[in-house]
Amino acid sequence: MAAELHVELVAADRSVWSGEATLVVARTTSGDIGVMPGHQPLLGVLESGPVTIRTSDGGTVVAAVHGGFISFADNKLSLLAEIAELSDEIDVQRAERALERAKSDADASAERRADVRLRAVATR
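All residue numbers here refer to positions counted from 1 along the written sequence of the relevant chain. The predicted origin of the model limits local features to residues at a pLDDT of at least 70 and limits the giving and counting of side-chain atom pairs to 80 or more, whereas totals for whole chains, interfaces and linings rest on all residues. With hydrogens and water stripped out, all remaining heavy atoms of the structure feed into the side-chain values.

Undergrad: Describe a nonpolar patch on the surface, with residues and values.
TA: Like charges within 9 Å and nonpolar side chains (Val, Leu, Ile, Met, Phe, Trp, Tyr) within 5 Å are joined into patches, using only residues over 30% in relative accessible area that form no salt bridge. In this description, accessible areas are obtained by the Shrake-Rupley approach with a 1.4 Å probe, and a residue is regarded as covered only by the protein chains that are shown. Basic side-chain nitrogens of Lys or Arg form a salt bridge, by our definition, when they fall within 4 Å of a carboxyl oxygen of Asp or Glu. A cluster of nonpolar side chains, contributed by Val45, Phe69 and Leu80, occupies part of the molecular surface with about 260 Å² of accessible area. Numbering of helices and strands starts at the N terminus; helices are DSSP runs of H or I of at least 4 residues and strands are runs of E of at least 2. With respect to the helices and strands, the residue leucine 80 is situated in strand E7 (residues 76-86).

Undergrad: Break down the UniProt feature "coiled-coil region" (unreviewed entry) in the protein for me, with residues and values.
TA: UniProt positions are given in the numbering used here, feature names are shortened, and annotations may be inferred rather than shown by experiment. Here, the residues flagged by UniProt with the feature "coiled-coil region" (unreviewed entry) are residues 76-112. Helix makes up 51% of residues 76-112 and strand 30%, whereas the separation of the span's terminal C-alpha atoms amounts to 29 Å.

Undergrad: Got a sec to walk through the layout of surface pockets? Specific residues and values, please.
TA: Grid spacing is 1 Å over the protein atoms alone, the probe is 1.4 Å, and a cavity is where that probe fits but cannot get out, while a pocket is an open set with protein on both sides within 12 Å along at least five of seven lines and lining residues have an atom within 4 Å of a point. Grid points are joined across faces, edges and corners, and a volume is the space filled by probe spheres set on the points. There is about 160 Å³ of room inside the largest pocket. In terms of lining, the largest pocket is formed by Arg94, Ala98, Arg101, Ala110, Arg113, Ala114 and Arg117. If you list the elements that add at least two residues to the lining of the largest pocket, you get helix H1 (92-105) and helix H2 (108-123). With four residues, H2 is the largest single contributor of residues to the lining of the largest pocket.

Undergrad: Describe the domain arrangement of the protein, listing the residues and the values that go with them.
TA: How large an interface is tends to be reported as the accessible area lost when its parts come together. In terms of domain boundaries, the protein breaks down into domain 1 (5-87) and domain 2 (90-123). All domain edges in this entry derive from an automatic or database-based domain assignment. Relative to domain 2, the C-alpha centre of domain 1 lies at a distance of 21 Å. Only heavy atoms enter the contact rule, under which two residues are in contact if any of them lie within 4.5 Å. Each partner contributes residues to the interface: domain 1 has 13 residues there, and domain 2 has nine residues. Reported buried area values correspond to the accessible surface (1.4 Å probe) lost by two parts on association, with both partners' losses combined. Both faces combined, the contact of domain 1 with domain 2 buries some 850 Å², and carbon together with sulfur accounts for 66% of it. The largest per-residue losses of area from domain 1 upon contact with domain 2 belong to Pro50, His66 and Ser87, which jointly make up 44% of the total buried on that side. At the junction of domain 1 and domain 2, the tally comes to one salt bridge. For glutamate 85, the salt bridge identified is with arginine 117, shortest N-O distance 2.6 Å.

Next up, the structure:
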């Protein structure tokens, strides 16, 4: 069994992160899933939520992901997201304002997006 897997996190508009990892945790329509080297082939639908990547050098990368697909085969994991941003790219105050605005507007989808962004920051 290989000790690491190659990960590509891609949003509709850009490549967000690429590198070697020992574990990736993501939320799918079937629930949270952890993918490690040697995992069975996988194809799933991503739900909005934080994605946590444990890098081969012992670091952690966290991203807020909003929809998309996850695919794993031959120790290559692809996360193809509609929208994705790394936690260190997220402006916390802006996300908090967006959450309050979404709550006051009763906009459930905007509230969910803002909540995911804040959870990704809290996880980093």
